[in-house]
Structure formats: structure tokens, C-alpha cells
Amino acid sequence: MIVENILFWIFAPLAVTAALGVVFHRSLIYSALFLIVVFLSIAGVFVLNNADFLAVAQTIVYGVGLTIVILFGIMFTGDRPFDDRLASPGKRLAYLIVGAMLLAMLIPAAVYQYNIHPASEALIATYMTEGSTGLLGLALFTQYALPFEVASVLLLLAMVGAIILSKKQMVPTEKTSVKYALPSTTLGSTAEEIYEKAPFHGHLPKEQPASEAETNGAETQEMIGV
Amino acid sequence: MNDLIQSIFGWVVESPFGQFVSAENLLLLTPEFLLLVVISVGLFQTMSDRLDDQKETWKLSVLGVFLALFSLVSIFLIVDPADGVSYLFMDSSTLMPSTLGLPVFYDMFRADLFSVTVRFFLLLGTLLVLLFSRRYIETRSSVPGEFYILMLGATLGAMLMAGANDLIMLFVALETLGISSFILAGYLRGEPKSTEASLKYLVFGGTATAVLLFGFSLLYGLSGGQTGFQEIVQGLQQANSSGLNFAVVSLMFIMILGGFAFKLSAAPFHMWTPDIYEGAPTPVTAFLSVVSKMGAFAMVIRFLFVVLSVAPAQEILMPLYMIFGVLALISMTLGNVAALKQTTIKRMLAYSTIAHVGYLFLGFLVMGVDSISSILFYLMTYVFMNLGAFAVAVQFTNETGRDDIAAYAGLVQKKPFLAFYMTFFLLSLAGIPITAGFFAKFFLFQTVAAAGSGYIWFVVIALLNSTISLYYYINVIRLMLVAEPSDTVIAMSRRVEFATALPVTLALMICFLGTLLLGVYADPLMALSRDAVSQLKVTDSQMLSQSK
Amino acid sequence: MTVGLNVMNPYQLPDWFIQLHVWVSENIPGLSFIDIMDPWQQALMLFVWGVVLFVLISFGVAKPSVVFMVLMERKVLAWVTQRKGPNRVGPWGLLQTIADGVKLLFKEDVMTPGQDKLLFTLGPVIFFLPVFVLFALVPFTGAIAQDGEIVFGGLLGIGLPVGALLLFALSSISVIGMVLAGWASNNKYSLIGGMRSAAQAISYEIPLVLAVLAVVLYAGSMNLMDIVEAQRGPLGMFSWFGIFLMPLSFLIFLISSIAEVNRIPFDLPEAESELVSGYNTEYSGMKFAMFFLAEYAALFVMCALTVVFFFGGFMSPLAGATLGGIHWTSTLVGTPGLIAGLSLASALENMLGVASGSVAPWIIQLEMVSWMVLKIYFFIFFAMWIRGTLPRLKPDQLMGFSWKFLIPLSLLNIFMVSFWRMWLPPVKDLESMVANFTQNMPFGIVWALVLVVGIGGFCWFMSELQTRKLKARFTQS
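How each quantity is defined
Here the residue index of a chain counts from 1 through its sequence in written order. Both sets of labels track the order of writing: A upward for chains, 1 upward for ligands. With the structure being a predicted model, the display of local features is reserved for residues of pLDDT at least 70 and the display and counting of side-chain atom pairs for 80 or more, all residues being used for whole-chain, interface and lining totals. Think of it this way: any DSSP run of H or I at least four residues long counts as a helix, any run of E at least two long counts as a strand, and we number them from the N terminus. The exposure label follows from counting other C-beta atoms within 10 Å of a residue's C-beta, where the C-beta atoms are placed from the backbone and the thresholds are 20 or more for buried and 12 or fewer for exposed, leaving partly exposed in between. Remark: residues whose backbone-derived C-beta atoms lie within 7 Å of one another are considered to be in contact. Here an angle of 0 to 180 degrees is reported between the N-to-C directions of two axes, which are lines fitted to C-alpha atoms, with helices fitted over the stretch in contact. Here the angle decides the label: under 35 degrees means roughly parallel, over 145 means roughly antiparallel, 65 to 115 means roughly perpendicular, and every other value means oblique. Side-chain classes follow a simple rule in which Ala, Val, Leu, Ile, Met, Phe, Trp, Tyr, Cys and Pro form the nonpolar group, Asp, Glu, Lys and Arg form the charged group, and the remainder, Gly included, forms the polar group. Should the near helix be turned anticlockwise from the far one by less than a right angle, the crossing is left-handed, and should it be turned clockwise, the crossing is right-handed. On a scale of 0 to 100, pLDDT captures the predictor's confidence in every residue. A helix's residues, less one, multiplied by 1.5 Å, set its expected span.

Visitor: Help me out: how do you make sense of the overall build of chain A in this one?
Guide: In terms of helices and strands, chain A carries nine helices and zero strands. In chain A, the succession of α and β elements from N to C terminus is α-α-α-α-α-α-α-α-α. By the burial criterion, 22% of the 226 residues in chain A qualify as buried.

Below is the structure:
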């Protein structure tokens, strides 16, 4: 037990300290780096709990993949230090009080002895020799098959959404213009008029006439031999 | 019927994959599978950049939702050959649910009467939203295809929420709904308000989910490491023999309730609602206020009813039930008072949603079969009346590009039908007789008042609030019917494009008929919701002893 | 890993190391930990030994090989471009790298104002450390068992059940080092280099892991030792399923691993001509040396993994086969699941007519190490050959290639490999192999269909997309 205890008391305070660093450090880059430390220390705690697969997955997905994207974002937008004046003393006092109350509420939950059944000897032996991967896979394909599959739908939708939100908005071409006739007084009856007059699309670039585009396309096709 | 199922799903069951699933599992989730198929096919369709191809997705989605509705009804109609009763209803002699295998996929999902009913109305709501969203989205977005896909995805999440019987399943379904909604809210990227709504929703929603998850983790610990609802109850009972800590249990309850209250936009967790409802595209607002709300309510009802209102948790949490009452009072009062001074129809309906959630929370305060079933009935009527109001708002915005209340002035002179529909739905929302809203409110308040003399005051305040709400609903009606036409209305054309107005008209007709029929003859659906809710209670206490 | 009371080797250290530990404890008075009754303290001691082992292997194996590889690279490139390469310091320029290393050590460590000093220093360290830890995970030899007892644990740092995944976890951590170095340099070219490296690493890690996933799926384990063991079959080197059953997987892995270690044609993060060598522009002296060392070490590890996953690891091409009347599998094998990829040694036994197992373990180990190193250096040579031959890609081409081509292809590959797994699961003898082959013929037919339809359809789809894209591009301009 000594090794575990020593390691736990390395990882856990490290995670908490780094989490405080995430919140309180003035530089965004350092906050992101502290976040990496948090994730890696939690991966360490996972290892201590026999969850080796989870620990490695945590390292790959959160420790690196996620934080790299965050770092990417920060580097694109620049690292501006937080302005402390944003929070007035009164607000800070309020935050402090709310935080302290939440902490006080959490204390009984932290010290409570949860009645979780200990794992059997055989299970621990399996964990130690084969690791948790096989058992995890089995659980995912039997007991938790439905949530597992739904999670894949969830990720698919999130991916589609991310693409939608970051995709360049295309203006429909003449050939495929919006067929709905809108009242001519407000917007217009063709796609071009709508896009010119509508306030929500006023900034979009104007599409060139389709006829010209088609000629170009034909020429190009000849050029590249399609 | 079983032979048919076998022949359809037989090859799956006989394949190596078949050891994990059974034909019943697949059958009871057929609507979800259909939606999934439509999502997959539709994504291929939307890969094309051409707008015409993108528009095809709408037809596919409507077809998919319609088929899903149909399959749901056929699930409902499967009868036991022995006594001719639907499988989903209880066996009248033994009070046992039938043997079709209500637990689906290792009891992750319950396809009982409650979830089938809720899923039916979720699908109906989505169908209505799809019907009136087409023109709105296709004139505003150059990639309308994914809009429908995401909406179906959100519906899928909501439907799974309605039957989720496990904390993990619940969470995954909740996130499927949530993430799709975040994206839908920001779908019109050209509009800053839409993007703002999306971002706000994402940040608020993420925080609320984190709090909810914290509560779940406490529940997981308290029950000795269980995630299934029935197992949690058992685990809590075991843990209770050595004494559960009140502080921890109540912390768990408060955190979970906080998360739920956010999802239901009950005050004081309502801050996000008006901004997001206003910023999001109007069909999305309609979707969020009806389908998303209904799914969230179904989830909360099942969770509270199955886990927290049975033996050990109920005794410990009894003193905390007053929180529901407080939330209800704050929500209805704040929602109604704030709705008074709103200038846009979307914001007004947002605050009115908060107020309605307040009324519904009174049902949780009592937490009996009657009150919960009247919540369910209220939600059914809410699908028709609120979606109807939104359909009119969408149609008005389509024709004029405006959504402020002042622009509605004198609408009756140009579009009498539109004005009439709006009047009817607003009256229903206010709870005027011969509309569905009246019976919904009546049943709810009546069950609450009947539960005990202590609850009378809540009902009195709720009635007062209904009176306040009448003011802002009537205000819109007065503008439409009496006031001089606004410039917007004067500019409107009297002409009706039949082809483009057909889906919206269809949606309006369905909403109107629904609201009217439920207002005249509410008994069948009231009985259905009572059956559904009471089966929820019976299923979960007795199924346990039966299966274990 | 949690330490169990009844398990004496919780960190799965190699046996010879345990023996060393016992020897030290018995013979050196102050260190006799073996007498301590508390098994947890013993475990702690073993943990300390594990750390020592890490350091030993990392620096014992990695440093010399890197020094050699730098020279090799210069010689190979010279050969490709018909030059002589370094030939002044020592015979054939053999000491050139050492001279360069000494020069780097004595150079001034330049820091310009405006740099974030902490991150600037931390960058190379984060880049450097995980790569060297990786060496401890690569199995250079297998364990040897005799009558069911392991007599020699094999030259393997730690055999973990999640070994294959841990490799990628660690190698991805070093990307953070690159990004930090780019950021802290306060130089726009460095920043672009760092960010390119981040984007590239994330993009190519996915096909890399998916390619390995196919191998893991077929072998049924993520333990690198087990994966090598699974490749020992009745057909000798033709049982190396990595290359013969899933060539697609191998190709994807090869391409992605070159991208992962930022070498030409994927060396955009450190492109000399456009970014003034990218994220390490501002570095000099020892810090630069760390980048340099780590890059070559990463190349070495990636080539070692190619060998482990696809080329039978430390096994000889004959291991497992019966040829010329000799069963080229060691009779030393006692425990299933343990490695005995021997051939020459067992042949020696057969020829000499000595009792099996009488060949000293170190000879067998030497043979295995030789095969491993030989194969690794073949792939290192291959990477250098590519560097001398191919031009660099553009960033958008690079990203598009990963996301639009490699990732769908590797998903398809996994789908097909799962058919392989049903049709021809890894077996140890010829009879059951034939039996599987005939018995599961329907699966085979389906597989062939999937192969044709899948690959054909994918290629058609990609070409169609490309055509459309080109059309659209030319239509717009």
C-alpha cells in the first residue's frame, strides 16, 4: 500500500494545485499547460485504480489531443493576460462566499464512507495480468452496447455540427437558386435579390453569373482532360 | 406479428452479432433505428453542394419521422394473443407488464407505455417543426440539409432520454440532444445573435451538465457503485440499513435538481432561456421549447419517480421536496412578469415557457401518480398549442422578416386565418376553456389542490399567475384583431403561395385540431397518461422482484 | 499497476533484472532489501529498479544508435546525391557526429529578449523525455522459457497490457514540447512551425493508431510481446500477418509514421526553405542538441515499431516454420504465450545433436537482438532513402491526405481485417491453419467481395471527389 499511497499523494495534490493554476494564472498559455498537468495527474490516479486503459486514453485524448487544440486556439488569437479589474471587489467577495459555501457542502461528500463493493481477488488478478482493456471491451459490447452506439451517433452529430459551423457559407448558384417567391416589397423574388437585400446575408460575396461559370468549367475540363 | 419481426430481424439475430441483441430489442427501438437510417442516408445526400440536393433532405427527414411515428404506433398496437391487450399495457389480472421484454439492451432502455407515449409526442413535435421550418431555413441558410439531420439527431436523443433507465444511457442521450441543440441554435452563422445564442447555450449547458454529472457521481457512490435505476434503488436500500448521510444525499439531490432545472429552464436557472430563444432560428426555438422540453421532462419524471421517490431516498429527501414548490413559484411569477414587457414574440414565448415550467413543477411538488400524469397531459397539449403559436410566428417571419409584436398589428386584415390561428393558440396557452390549455391547467391544479390543504396556496398563486399571463397573451390578440395595421402588415401581400405555404398550413391544421380536440374531449389522452405513469411505478417496483 | 500481495513482480520487470536485484540485495550489505518482510516495501524497491532500468535502456540503447544514425543519414544522403559525405574526422568520417556533438555542447546557449524563459527551456525537455521513455517499451528480444519457467526475461523494459496504446500516448506528448518551443521562441516562423507540427501530429496520429488497431485486432492483444508472438506461425516469415495479410495497414503506418516524426516529405514543421527550420530556429547549444537527438530517437522508435507490428519483431524469417526436416521453433518453449522466436539457435541444437535448451540463453538473445536491429536499420535506411528522393508537400495537401484519404482508408482496412480475423485467425500449426481456411470459406468469399467492392469503391469515390473539387475550383476562378 505504501507505493500507492505515496503516488496518490503525489498525483492528487498535483492535480488540485494545477487546477488552481488553470483558474488563477494570468497567462492563457500557462493555464493550458496547467490543464495538461491536471489531465496527466488524473491519468496517474487512474493507474493507481487499475484503470490502465483509461489512463492511457486520458493521456491521448485529453492530455494531448484536447489541449493541443486549446493551445492552437490561444496561439491563433494571442495570449492576452486577464484583466483583473474586470471583477470588482464586491463581485470577488461574492465569488468567494459562493465558492466557500460549495466547498463546505462538498466536505461531507468527501469524507463520507461510500459503500462500494471491493473488487474480487480474481478480478484484481485479471487487472494485473491482462489489464482492464478486455473487460472494458466486453462491458462496452454487452451491458453498455446501447450507450456506446448512441455515443457514436453523438460524436457523429458533433462532427457534422463542427463542420457546419466552420464551413464557408456558399452562396447558391443561379441554377440552383431558391425557388420560393418572397414578397417583392421586402426582399426580392430571386436568390440574388434576396442575398443582396436580406440583412442576414448582406456581407456575403456576390455569386458570378452561372453562364460564365459554366463556360469556364467546360474550358477547364478540356484543359485537364476530363 | 412475431413471425414478421423474426423474418425482418432474423438475419441480425443469427449473425455473430446476434448474441448481443435479440429481435425484441431491435423491434422496440425501431423508431430510433429509422431515424438513424435517415440521418445516415441524409448525410450522404448533404455531401452535395448543390442546394437542390440539400433540399431533398427535407423530404427524406419528413418521410423518416413519419415512418418512425408509424412504427411507434405499430409497437403500441402489438397485442398479446392470450388476452387481446396491447403488450405495453399491464396484464389486468396480475398487474404485471407483459413479457415482450420491456427492458431493452440490458435494461439500458425501457420501452414501456410511458416512453412509447412520450416518444410519440416527441416525434409528432419534430414532424410539426420540420413542416414549418423548411421555408424559413432554406431562404436563410445555404446548407439547409444538415439542419434537418441535426434536428433528427436531437429528436433521437430526446427519444432515448424518454426511456433511459441507466445513468450512463441517460447522460449519453442528454448530450446527444444537447450538442445537436447547441449547433442548431447557431445554425444561421450570418446572424450574430444566432452565434451568440449557440455559444451561450454551449457554455451554460456544459456547466449545468457538469453539475448534473457531479450529482450522478454522488448517487453512484451512495448506491454502492450502480448505474441502473433499479439497481440504484436496491443499492440505496442496502446502504440505508447502515444509515445514509443526510448531508450527502441532499447534496446529491440538489446537484441533480440543479442540472435538471437548468435543462427545464426553471427559474432561477432560466437565465439562458430568453437570449437563446431569441437568437436561435425560430423553428429551433420551437423545437427547444417543445420537443427538447418534453424529452427533458420525461427524463426527470422517470428519474424522480423511479429512483428518488421510492423507499430510502424518499424518506430522506421528503423535507427537500419543498424546493420544487419554491422553484415553481419563482418560475411562474418571474416568467409571467417578465413576459409582460417583452417586445418580440420569441422572447415573450420564451418567458411564457418559463412560466409554464413553473406550473408543471407544482406536479413534482406533490409527486403522486395523478399529478405526474397531469404533467404528462400538460406536455401533450403543450406540443400542439406552443408549436401552433410558433408556426404562426415562423410564417409571419417568412412573409415579412420581422418578429416583433408591434409588427403583428392589424394582421387580421391581411391574413385572417393566420390571425385566427394565433388567437386560438394564445388563448389556449392562457388556459381559456374549449382549448386544450384549459383542461391541462385544470387537471394539474386540481390534482395539486386535491393532494392536501397545504398545497392550496400554491394553486392560488398559480391561478393569479394565469391571470397575469392573460394580459400579455390578450395584448397580442388585441393588436392583431383591433389595432390599426402596422407598416409591415400593410406591405404584406394578400396572395397565398399554395405550394410553399402547404407544409406550414398542414402543421397549423394539425396543431389546431389537436388543441381543439384535446380541449373538447380530453379523456382518452388523460387516461393514457395516467396508465403510462402508473405503470412506471408498478413496473419498476414489481419488475424487480419478478426478474431478480 | 496496483501491487498485489501475492505477486512478486508487479511492474513486470524482466527476470534478469529481478535476479540482479536479488543478487545486489544478497551481496551488497547496505542494500539487502530482500530481507525486508513487508512486500510493499519490496515492491517500492522494484519500482525504483524500474526507474533505473528506464534510464539505462533509454540512454544505453538510444544515445549510441542516434549518434550512428546521424552519420548514416549523411552518408546515405551523400550516396543518393552522388557525393562523398563526411570523410575527414576519423576513418570514413566515423567520428564526425561525435565532433559535432562536442561542438554543440560547448556552444553558447543564446536567449533573445522577449522569450518566455521557462517555456523556452521546457520545450526541448518535454519534446525529449517521452521519446526516450519509448525505448523502454520496445521489445528487443523475447523471453526464454525452459520447462515452463522463464529463465530469461528478454530485453524488454516493461511489458504492459496497454503497451501499444501507451506508445502513442507518449509519442504524442512530445508534440506539446514542439508547440511550446515554437511559441516561446517569440518568432513567427517558429510559431508557424510549432502550430504546423501540432496540426500534423493530431492528423497523422489517427491513421497511425487505426493502422495499428488492425494489427491489434488480429493479434488479439495490445501487449507488444504478444503481438510479436502472434506473428510466429507455421509459414515462417509468411506468417507475419502485419505485412502479408494487411499490406494496406503497413502502408498507412509507414506513411503516417514518417509524418509523425516530421521527416521529408512531411517535414513542414521544420521546413528550412520556408520556415528557417521552424520551431527550433531560435535554439542553440545543448537545447538544440536535445531536439536533434529526440528526432532521431523518434525515428528509431518508429522504425522499431514498424518491425514489431509488421515484420515479426525479433524473430528470424524462419521462426515457427518446418523446413529441411528441422522445426525451426525452439524446443525451449515451455509456456504458451511466451516468446521463442529462435531459429539459428535451435538449428544449432539440431545439428550438434545436443539436448534442447543447452544453448546458452545469451546466444539466443544475441540472435534475437541482431534480427531486430537489422530490420530496424533497414527501415531507417528506407526513411533516409525517401528523404533523398521525394519533395515536400504543401500544408493543405498534407492535411487533406490524412483526413480525406488515409483515415477512411484505414477504417476500411479495419473492416477488412476483421474478416481476416474470422477467416484465418493466428494459429501455430499448419493443420489448423488449413482447417480454418477450408471451414471458413464463406467468410473468405465475403471478404474477397468486400475487398473488391471496398477498395474499388473507395478509390472511385476519392477520384470522383477530386474531380468534382477540381471542377469546382476551376469553375470559381
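Visitor: How should the overall build of chain B be read in this particular structure?
Guide: If you tally the helices and strands in chain B, you get 23 helices and two strands. Split into buried and exposed, the 548 residues of chain B put 60% on the buried side. Of all intrachain contacts in chain B linking residues separated by at least 6 positions in sequence, the fraction that spans at least 24 positions is 77%.

Visitor: Could you clarify how one ought to interpret unusual backbone geometry in this entry?
Guide: Generally, phi is negative for residues other than glycine and the peptide bonds are trans, each holding for most cases. Omega for the peptide link from Ala 267 of chain B to Pro 268 of chain B comes to 0°, which places this bond in the cis form. Secondary-structure assignment places Pro 268 of chain B in the loop between helix H10 (246–263) and helix H11 (272–279). Located in the positive-phi region is Met 367 of chain B, a residue other than glycine, with phi close to 60°. When you line up the elements, Met 367 of chain B lands in the loop between helix H15 (345–366) and helix H16 (369–400). A count of 18 C-beta atoms within 10 Å places Met 367 of chain B in the partly exposed class. For Asn 186 of chain C, which is not glycine, the phi torsion reads 60° and is therefore positive. Structurally, Asn 186 of chain C is set in the loop between helix H5 (163–184) and helix H6 (188–219).

Visitor: What is the right way to look at the packing of helix H5 (residues 113–138) of chain B against H16 of chain B in this model?
Guide: Relative orientation and spacing of two packed helices are given, respectively, by the angle between their axes and the distance between those axes. Residues and elements named next belong to chain B. Close contact between H5 and H16 brings their axes to 9 Å; oriented N to C, the two are set at 5°. With respect to H16, the element H5 is oriented roughly parallel. Where H5 abuts H16, its residues Phe 121, Leu 124, Gly 125, Leu 128, Val 129, Phe 132, Ser 133, Arg 135 and Tyr 136 lie against Met 380, Val 383, Leu 387, Ala 391, Val 394, Gln 395, Thr 397 and Asn 398. Tallied by class, residues from the contact of H5 with H16 come to 11 nonpolar, five polar and one charged.

Visitor: Just to check I follow, could you spell out the environment of Glu 149 of chain A for this structure?
Guide: Mapped onto the elements of the fold, Glu 149 of chain A is located in helix H7 (residues 145–166). In the structure, Glu 149 of chain A is positioned 12 residues away from Gly 161 of chain A in sequence and 19 Å away in space, judged by C-alpha atoms.

Visitor: Just checking my understanding: could you explain the packing of helix H8 (residues 192–222) of chain B against H10 of chain B for this structure?
Guide: Residues and elements named next belong to chain B. Between H8 and H10, the least distance of the axes is 8 Å, while the angle of their chain directions is 145°. H8 and H10 meet at a crossing whose hand is left-handed. Between H8, through Ala 208, Thr 209, Val 211, Leu 212, Phe 214, Gly 215, Phe 216, Leu 218, Leu 219 and Leu 222, and H10, the contact on the second element is made entirely by Val 248, Val 249, Leu 251, Met 252, Met 255, Ile 256, Gly 258, Gly 259, Phe 260, Phe 262 and Lys 263. Looking at the contact of H8 with H10 residue by residue, the class counts come to 16 nonpolar, four polar and one charged.

Visitor: What is the right way to look at the confidence of the model for chain B in this model?
Guide: Low pLDDT marks regions whose predicted coordinates should not be analysed in detail. All names here are of chain B. For chain B, the average pLDDT comes to 84, and 88% of its residues sit at 70 or higher. Averaged pLDDT values for the elements of chain B fall to 54 in helix H1 (residues 2–14) and rise to 93 in helix H7 (residues 167–185). Under a pLDDT of 50 for its full length, residues 91–101 has, in the predicted model, 20 contacts with residues more than four places off or in other chains. Low pLDDT, under 50, characterises residues 544–548; the predicted model gives this stretch two contacts beyond four residues in sequence or across chains. Two numbers describe this predicted complex: its pTM, 0.83, and its ipTM, 0.87.

Visitor: Is there a simple way to think about helix H4 (residues 117–134) of chain C in this case?
Guide: It helps to recall that an α-helix has 3.6 residues per turn; residues three or four apart then point in one direction. With 18 residues, H4 of chain C should reach 26 Å at 1.5 Å per residue; the first-to-last C-alpha distance of 27 Å fits that figure. By the burial criterion, the buried members of H4 of chain C are Leu 119, Phe 120, Gly 123, Pro 124, Ile 126, Phe 127, Phe 128, Pro 130, Val 131, Phe 132, Val 133 and Leu 134 of chain C.

Visitor: Help me understand helix H14 (residues 322–340) of chain B in this model?
Guide: Here H14 of chain B is 19 residues long and its end C-alpha atoms lie 28 Å apart, about the 27 Å a rise of 1.5 Å per residue gives. By the burial criterion, the buried members of H14 of chain B are Phe 324, Gly 325, Leu 327, Ala 328, Leu 329, Ser 331, Met 332, Gly 335, Asn 336, Ala 338 and Ala 339 of chain B.

Visitor: Sorry, what's going on with the confidence of the model for chain A here?
Guide: Residues and elements named next belong to chain A. Averaged over chain A, the pLDDT score is 73; the fraction of residues at 70 or greater is 68%. Ignoring residues within four places in sequence, the model shows residues 171–189, a span with pLDDT below 50, making 50 contacts including any to other chains. Contacts from residues 198–226, a stretch scored under 50 in pLDDT, to residues over four places away or in other chains number 30 contacts.

Visitor: I would appreciate a short explanation of the environment of Ile 10 of chain A in the present structure.
Guide: Along the polypeptide, Ile 10 of chain A turns up in helix H1 (residues 2–24). The sequence separation of Ile 10 of chain A and Tyr 114 of chain A amounts to 104 residues, and the corresponding C-alpha distance is 23 Å.

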